[in-house]
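So the chains spell out like this:
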Amino acid sequence: MTKLSTLQAWVDQVAGHTLPDAIHWCDGSDAEYQQMIDQMLADGSMSKLNQEKYPNCYLHRSDPTDVARVEHLTFVCTDNPEDAGPNNNWMTPSEGHAKMDALFAGCMKGRTMYVIPYCMGPVDSPYSRCGVEITDSPYVVVNMKLMTRMGKNALQRIEKDGTFVKGLHSTGDLSPDRRFIMHFPDELSIKSIGSGYGGNALLGKKCHALRIASFQARQEGWLAEHMLIVGLESPEGETHYIACAFPSACGKTNLAMLIPPDSLPGWKVWTLGDDIAWLHLDDDGLLRAINPESGYFGVVPGTNEQTNKNAADMIKHDTIFTNVAVTADNEPWWEGKTDGEPAIDWQGRKYDPANGKAAQANSRFTVAAQNNPSYSSLADAPEGVPISAIVFGGRRKELAPLVYEAKSWEHGVLVGAGVASETTAANVGEVGIVRRDPMAMKPFCGYNFADYWSHWLSFADRGNKLPKIFHVNWFRQTPEGKFLWPGFGDNLRVLEWIIDRCENRVDAVETPIGYLPNPADINTTDLNISAEALTALTSIDRGQWRAEMASIGEYLESYGDRLPEALRKQQKAIAAALN
Ligand code: SAT
Ligand code: MN
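Residues numbered from 1 in each chain as written. Chains lettered and ligands numbered in written order. Predicted model: local features only at pLDDT ≥ 70, side-chain atom pairs only at ≥ 80, totals over all residues. Heavy atoms only, no water.

1. Concerning helix H8 (residues 204–220)
- Taking 1.5 Å of rise per residue, 17 residues should cover 24 Å, yet H8 covers just 19 Å from first to last C-alpha, more than 12% shy of that figure.
- With 14 of 17 residues buried, H8 lies mostly within the body of the structure. (Helix = DSSP H or I, 4+ residues; strand = E, 2+ residues; numbered from the N terminus. Expected span 1.5 Å × (residues − 1). Buried < 20%, exposed > 50% of the residue type's maximum accessible area, 1.4 Å probe, protein only.)

2. Concerning the sheet that holds strand E17 (residues 287–290)
- Strands sit in the order E12-E16-E17-E23 across an open sheet of four strands; the sheet is antiparallel. Each edge of the sheet is formed by a strand with only one pairing partner; in this case those strands are strand E12 (223–225) and strand E23 (385–386).
- Along the sheet, H8 contacts E12 and strand E16 (277–281); its crossing angle with E12, the most-contacted strand, is approximately 160°. (Pairing = 2+ DSSP bridges. Contact = heavy atoms within 4.5 Å. Axes fitted to C-alpha atoms, helices over the stretch in contact; angles between N-to-C directions.)

3. Side note on the domain arrangement of the chain
- Under the domain assignment, the chain is made up of domain 1 (5–46 + 72–220), domain 2 (225–294 + 378–578) and domain 3 (296–371).
- Just the C-alpha atoms count here: the centres of domain 2 and domain 3 sit 29 Å apart.
- Between domain 2 and domain 3 lies a buried interface of about 1100 Å² when both sides are counted; carbon and sulfur atoms form 59% of it.
- Taken as a group, Met 257, Ile 259 and Ser 294 account for 41% of the area that domain 2 buries against domain 3, more than any other trio of residues on that side.
- Across the contact surface, domain 2 and domain 3 share zero salt bridges.
- Seen at the junction of domain 2 and domain 3, the total is three residue pairs in polar contact (both at pLDDT 80 or more). (Domains from an automatic or database assignment. Buried area = accessible area lost by both parts, 1.4 Å probe. Salt bridge = Lys/Arg side-chain N within 4 Å of Asp/Glu carboxyl O. Polar contact = N/O pair within 3.5 Å; in protein donor to acceptor, adjacent residues only side chain to side chain.)

4. A closer look at the site of ligand 1
- Around ligand 1, a shell composed of Arg 69, Tyr 197, Gly 198, Gly 199, Lys 205, Lys 206, Ser 248, Asp 275, Phe 297, Arg 364 and Ala 426 is seen.
- Take Arg 69: an N or O atom from its side chain is 2.5 Å from an oxygen atom of ligand 1.
- Residue Gly 199 places a main-chain N or O atom 2.7 Å away from an oxygen atom belonging to ligand 1.
- Within the complex, 97% of the 250 Å² of free accessible area of ligand 1 lies under protein.
- Going through the elements one at a time, helix H7 (198–201) and H8 are the ones with two or more residues in the shell around ligand 1.
- Taken together, the residues of the shell around ligand 1 break down into three nonpolar, three polar and five charged. (Near = heavy atom within 4 Å. Areas by Shrake-Rupley, 256 points an atom, 1.4 Å probe, with all protein chains shown as cover. Nonpolar A, V, L, I, M, F, W, Y, C, P; charged D, E, K, R; others polar.)

5. So, the packing of aromatic side chains
- Applying the stated criterion across every chain yields a total of 21 aromatic pairs.
- Between the aromatic rings of Phe 470 and Trp 497, the centroid separation amounts to 6.2 Å while the plane-to-plane angle is 80°, which identifies the pairing as edge-to-face. Highlighted residues: Phe 470 in strand E28 (residues 468–472) and Trp 497 in helix H13 (residues 491–502), separated in sequence by 27 residues.
- The class for Phe 470 is buried, based on a relative accessible area of 0%.
- With relative accessibility at 1%, the residue Trp 497 sits in the buried group.
- Judged by centre distance (6.5 Å) and plane angle (65°), the ring pair of Phe 475 and Phe 483 falls under edge-to-face.
- The exposure class of Phe 483 is partly exposed, given its relative accessible area of 44%.
- A network of ring pairs unites the aromatic residues Phe 392, Trp 409, Tyr 447, Phe 449, Tyr 452, Trp 453, Trp 456, Phe 459, Tyr 555 and Tyr 559 as a single cluster. (Phe/Tyr/Trp six-rings, centres within 6.5 Å; stacked < 30°, edge-to-face > 60°.)

6. Here we look at unusual backbone geometry
- Although it is not a glycine, Leu 19 sits at a positive phi angle of roughly 60°.
- Tracing the backbone through its elements, the reader meets Leu 19 in the loop between helix H1 (5–18) and strand E1 (22–25).
- For Leu 19, a relative accessible area of 38% corresponds to the partly exposed category.
- For Leu 188, which is not a glycine, the phi torsion comes out positive at approximately 50°.
- Residue position: Leu 188 is located in the loop between strand E10 (180–184) and strand E11 (189–193).

7. Section: the pairing of strand E6 (residues 112–120)
- With eight of its nine residues buried, E6 lies for the most part within the structure.
- Direction of pairing for E1 relative to E6: parallel, over a ladder of four bridges. Bridged to Ala 22 within E6 is Thr 112.
- Looking at chain direction, E6 and strand E7 (residues 129–135) are connected through seven bridges and run antiparallel. Looking at E7, one finds that Tyr 114 is bridged to Thr 135.

Next up, the structure:
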């Protein structure tokens, strides 16, 4: 129940259409969370893990066909297809509503409808935006509790603001044939049916905080980005905040929780966010970031004491696991775990390597951000943190050097627009093929990329202290398939160079694609890396880059007339300089 009549009317109308047996308004309390967990334990949709070793940890097994985002079933509905752009699947709003309303008719019969008011960002921040998700999935409720600020306080803010994003979700019958995720940016609304998976069902995350928010951000003059936010405190006690955009499952969570290597003593790393950043120019022309989320929905396989000790520690309690395997002792298990052995696979079968991996490749943990040992208290600061550098990156076996710096904001926008990466298991589809993923937003930009790049470019005239823009690649390999760079904690060595560049403390080598480090300026103390490897990591192959620039040019031109001239100019200038 709410005193906001538009919200009450919407809830009543949805209930009249979906016909739930009961309606529950979520208050966001711990007691409510536990009640929901107990109810799922009773109906078998959740099970307890070993409570001695993993207190308050639970396992959910999803439908085996429902384990990742489904970009081919995700739509942006606008009157004009050009507004959604070639980067989105498109339908008219009336078609979209008709299709979804037919699927939602009576779909909550026999179920409880949960109403989840949530706030993306600190409840007292002017940069935050609210939403309400209606769902028939208790799994969604408990995940939203860990991932967002939800319940009573959010509802109060919504009643004060008078506006909110409407998100309607049902697991429906979980059939892939009746699974759709539709966005109606002009109405600030979302309808999602047929999936219980994170990015499809936790509507505050990709649907609201990226697709709808990116659209809103353009209208209101800010940016909603697929970026982690991390604070790097030097031994001298100076802290820089950086925002980094990498495609899904490229190590954003690991970077956000990085543990400095022993050979870089005195450094501290503070996590603000691991997936999404909302960036605003403040009154002084400084770009400030908040993390709209308050929890992590991270990839489990590969998580261990070596790759990400903070994450390994943080998921030992109060965590929901989805689609991992379990040991004979009922502990969660996944590929890359350093102890135990799988007894039961992610589908609940006796583990048999003939059936494939024990844990699903995109199995996930959901955990509140406060569980993270490197949690930054500034994650709750209403004014956010000032950003010193924006870092783009992708998973590239070849071509992209370890790090380079864009020569200007406009050049940086081109660097972002040209991001490409090998695909991963976070989306349904082929894994390992290189595709363009501008700003790591390909699946998440709620409007035409050409307009989005114009919006990015417009910041050049608005901010006087804009961050520098960089590109990194932790994934370069030798022709034999060996990684050239150790990655993980050692990535701090690269971030140190980035900070030094921001503070004008170090020189760089100018090349057509940007400024590259002098190999001697990357701190390699105690690092076992050959001079050849370091040279390969800090140089460019002009032939490969000529081909890359031509390919970026072709890609950009596929956006036609809407492509901003300034971006075309950047691409042409670099292509010419490479010749
Ligand atoms: O889309 S999810 O949020 O479920 C995971 C990801 O791709 O980041
Ligand atoms: Mn993501």
